[in-house]
Amino acid sequence: MAVTRLTEQTQTLKGKTTEVQTKLSSCPETSPHLVGPLHVEFNWSRTMEAVRTECGSSLLEGGRYKPPDCISHHKVAIIIPFRNRHQHLIQWLYYLHPVLQRQQLDYGVYIINQDGEGMFNKARLMNVGFAEALKEYNYTCFVFSDVDLIPMNDRNIYGCFSKPRHLSVAVDKFGFMLPYSTIFGGVVSLSKEQYLAINGFSNNYWGWGGEDDDIYQRIAIKSMSITRPDMATGRFKMIKHERDVHNELNLHRGEILEKTSSTMEEDGINSLRYTINKIEKDTLYTFITVDIGSPK
Ligand code: BGN
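Presented here is an overview of the structure given in this document. Predicted model, so just to flag it, every value in this text is computed and none were measured. (Residues numbered from 1 in each chain as written. Predicted model: local features only at pLDDT ≥ 70, side-chain atom pairs only at ≥ 80, totals over all residues. Heavy atoms only, no water.)

Thoughts on the sheet that holds strand β9 (residues 170-171)
Next up, step 1: Spatially, 3 strands are ordered β7-β11-β9 in an open sheet, and the strand pairing comes out mixed. Bordering the open sheet on either side are β7 (149-151) and β9, each of which pairs with just one other strand.
Next up, step 2: Relative to strand β11 (residues 235-238), β9 runs parallel, the two sharing 2 bridges. Of the residues in β11, the one forming a bridge with Ala170 is Arg235. (Pairing = 2+ DSSP bridges. Helix = DSSP H or I, 4+ residues; strand = E, 2+ residues; numbered from the N terminus.)

In structure tokens:
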């Protein structure tokens, strides 16, 4: 399908600016720019400024990108729940921007930063990312990623498919294997429809653990299944770190998880409450600082 996009402004001889319409077609099914396995290592330290210089020239403000020569199949908001992980963010941005561009995605990167020092709530931050990204652009696909997970193969597409997708299937930390068959954490993608069908994520997991199993439950309860790449394509490196402060193991996670089927219709994107404290536009990302409240 040919789509018209205003792509250029040209100067006429008389110095007047005219807009030239260029017909763009859909991007190919598989991007010709993919290279496969990637070398990933973390024994370097670049500044954010250096990454901006290296990766920023192709980006629009807020960490936005569209392929210049075709219309992407995927309009993707990448949502990263965040607090106090500046070094990891530098590494994530350095590795991911080139990958996402080789994948010919129409994408934006949203860092959802939990304000304050209260207990961390990753799933609630991911819900905020969904809501805030949609205020900016008609995204059709949402990739939720931990800030410390870097893909080792660019054929692992950060897009959406006919089923919710688990992308980080072979993480070095777990010996490049699934730790258990229903794991659905790390890096996952859901289309807007798939996400809304499960009422987004639970808002009630404070601290570490369980929120990803809850998402899996929601998908299963709605009679959906998940897809995964093969174990070679789905390899990831995790940046090693200590457990964050104020993200202690959630001792209630088991009991909340048992009740998912009876609570999910009332607990999710439809019950999300939050206050945006700041939105900052960097070349490499949109940084949203949010007050998500505290456990009742
Ligand atoms: C599981 C956690 C997940 C976590 C994986 C991998 C729970 C729920 C117990 C009822 N699930 O054990 O949240 O992503 O380990 O670390 O703790």
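Okay, back to it.
Digging into empty space enclosed by the protein
Next up, step 1: Applying the stated criterion across every chain yields a total of 1 cavity of 30 Å³ or more.
Next up, step 2: Reported here for the largest cavity is a volume of approximately 90 Å³.
Next up, step 3: Along its surface, the largest cavity is lined by 13 residues, and Lys122, Met126, Asp146, Gly185 and Gly186 are the ones closest to its centre.
Next up, step 4: Elements represented by at least two residues in the lining of the largest cavity include exactly α3 (122-136), β6 (141-145), β10 (187-191) and α5 (211-221).
Next up, step 5: The biggest single contributor to the lining of the largest cavity is α5, with 3 residues.
Next up, step 6: Among the residues forming the lining of the largest cavity, the class breakdown is 6 nonpolar, 3 polar and 4 charged. (1 Å grid on protein atoms, 1.4 Å probe; cavity = no way out; pocket = protein on both sides within 12 Å on 5 of 7 lines; lining within 4 Å. Points joined across faces, edges and corners; volume = space filled by probe spheres on them. Nonpolar A, V, L, I, M, F, W, Y, C, P; charged D, E, K, R; others polar.)

Side note on the packing of aromatic side chains
Next up, step 1: A complete count under the given rule lists 16 aromatic pairs for this structure.
Next up, step 2: Relative to Tyr195, the ring of Phe130 lies with its centre 3.8 Å away and its plane at 20 degrees, an arrangement referred to as stacked. Of this pair, Phe130 sits in helix α3 while Tyr195 sits in helix α4 (residues 192-197), placing them 65 residues apart in sequence. For the residue pair Phe130 and Tyr195, the accessibility class agrees, reading buried in each case.
Next up, step 3: With a centroid separation of 6.0 Å and 20 degrees between ring planes, the pair formed by Phe144 and Tyr195 is classed as stacked. Of the two residues, Phe144 is situated in strand β6 and Tyr195 in helix α4; the sequence distance between them amounts to 51 residues. The same class applies to Phe144 as to Tyr195, namely buried.
Next up, step 4: These aromatic residues form a ring-pair network of at least three members: Tyr110, Phe130, Tyr137, Tyr139, Phe142, Phe144, Tyr195 and Phe201.
Next up, step 5: Its guanidinium or amino end placed over the ring of Phe161, Arg165 lies 4.7 Å from that ring's centre, counting from NZ or CZ. (Phe/Tyr/Trp six-rings, centres within 6.5 Å; stacked < 30°, edge-to-face > 60°. Buried < 20%, exposed > 50% of the residue type's maximum accessible area, 1.4 Å probe, protein only. Lys NZ or Arg CZ within 6 Å of the ring centre and 35° of its normal.)

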